[in-house]
Each structure stands twice: as structure tokens, then as C-alpha cells.
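The residues making up each chain are set out below.
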Amino acid sequence: MSEAEKVKINIVSQLHSLCAHCATRSNREHRCPVKEISARIQSLRGVPLMVNSEFKGMLWR
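What you see is a predicted model; the values in this text were computed from it and never measured.

Conventions and cut-offs
Counting restarts for each chain: residues are numbered from 1 in the order of the written sequence. In keeping with the model being predicted, local features are shown solely for residues with a pLDDT of at least 70 and side-chain atom pairs are shown and tallied solely at 80 or more, while totals for entire chains, interfaces and linings include all residues. Only hydrogens and water are set aside when side-chain values are computed; all heavy atoms of the structure are taken into account. Starting at the N terminus, helices and strands are each numbered in turn, a helix being any DSSP run of H or I of at least four residues and a strand any DSSP run of E of at least two. The buried label applies to any residue whose accessible area, calculated with a 1.4 Å probe on protein chains only, is under 20% of its type's maximum; exposed applies above 50%, and partly exposed to all values in between. Areas reported as accessible are Shrake-Rupley estimates using a 1.4 Å probe. Residue values count occlusion only from the protein chains shown. Counting rule for charge: Lys and Arg are taken as positive, Asp and Glu as negative, and neither His nor the chain ends is counted. The atom standing in for a charge is NZ when the residue is Lys, CZ when it is Arg, CG when it is Asp and CD when it is Glu. Cysteine sulfur atoms that pair up within 2.5 Å are treated as a disulfide. Axes, fitted as lines to C-alpha atoms, cover a helix only where it is in contact. Angles between the N-to-C directions of the axes lie from 0 to 180 degrees. With respect to orientation, any angle under 35 degrees is reported as roughly parallel, any angle over 145 as roughly antiparallel, any angle of 65 to 115 as roughly perpendicular, and every other angle as oblique. Pairs of residues are marked as contacts when any of their non-hydrogen atoms sit within 4.5 Å. Residues are grouped as follows: nonpolar covers Ala, Val, Leu, Ile, Met, Phe, Trp, Tyr, Cys and Pro; charged covers Asp, Glu, Lys and Arg; every other residue, Gly included, is treated as polar.

1. Comments concerning the overall build of the protein chain
Regarding its fold elements, the protein chain presents three helices and two strands. Starting at the N terminus and walking to the C terminus, you meet the elements of the protein chain as α-α-α-β-β. Across its three principal directions, the C-alpha atoms of the protein chain cover 45 × 20 × 15 Å. A buried classification covers 20% of the 61 residues belonging to the protein chain. Carbon and sulfur atoms form 53% of the exposed surface of the protein chain, whose accessible area is close to 5000 Å². The average position of the 10 basic charges and that of the 5 acidic charges among the side chains of the protein chain differ by 4 Å.

See below:
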């Protein structure tokens, strides 16, 4: 798993903790703006920018 994927997973998990329904894994239907944002983050594609073997961000295509 690339550093970019690890960062995206970390961001998505932090976002899910912002919604009470998602944080408790409730089965209750709700309109969740966090799900929309996390879907956008998961769909990001680019080239990882590595400096001295350290992940510094993404270059977007």
C-alpha cells in the first residue's frame, strides 16, 4: 500500500468520526455530508511526491 493510500485511509477514518451515525456504525438511514466528502477523497488520483524517501503530497493529473 502506497503512502498516498495510507494518508487517504487515515483522512477517511477521521472524517467518519465526525458523524455520530457513522462513528457508531448505526444502520439508521441518514443524509451524511461526511460520506460525500470521503467518497471524493477516495477517488483522488495522482502521482505521489517523494522527497528523500518521505511522502510530501500528491501531484494531481
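Don't stop here, the text continues.
2. A few points about the state of the cysteines
Here a disulfide denotes one covalent bond, and it connects the sulfur atoms of two cysteines. Here the structure, examined in full by the defined rule, presents zero disulfides. Take Cys-22: it sits in no disulfide, and the sulfur closest to it among the cysteines is that of Cys-32, at 3.7 Å. The cysteine Cys-32 is free of any disulfide, with Cys-19 supplying the nearest cysteine sulfur at 3.7 Å.

3. Brief notes about the packing of helix α1 (residues 3-16) against helix α3 (residues 33-42)
With their axes 10 Å apart at the nearest point, α1 and α3 run at an angle of 180° to one another. Considered as vectors, α1 and α3 are oriented roughly antiparallel to each other. Between α1 and α3, the residues in contact are Lys-8, Ile-11, Val-12, Leu-15 and His-16 and Val-34, Lys-35, Ile-37, Ser-38, Ile-41 and Gln-42, respectively. Residues that form the contact of α1 with α3 fall into these classes: six nonpolar, three polar and two charged.

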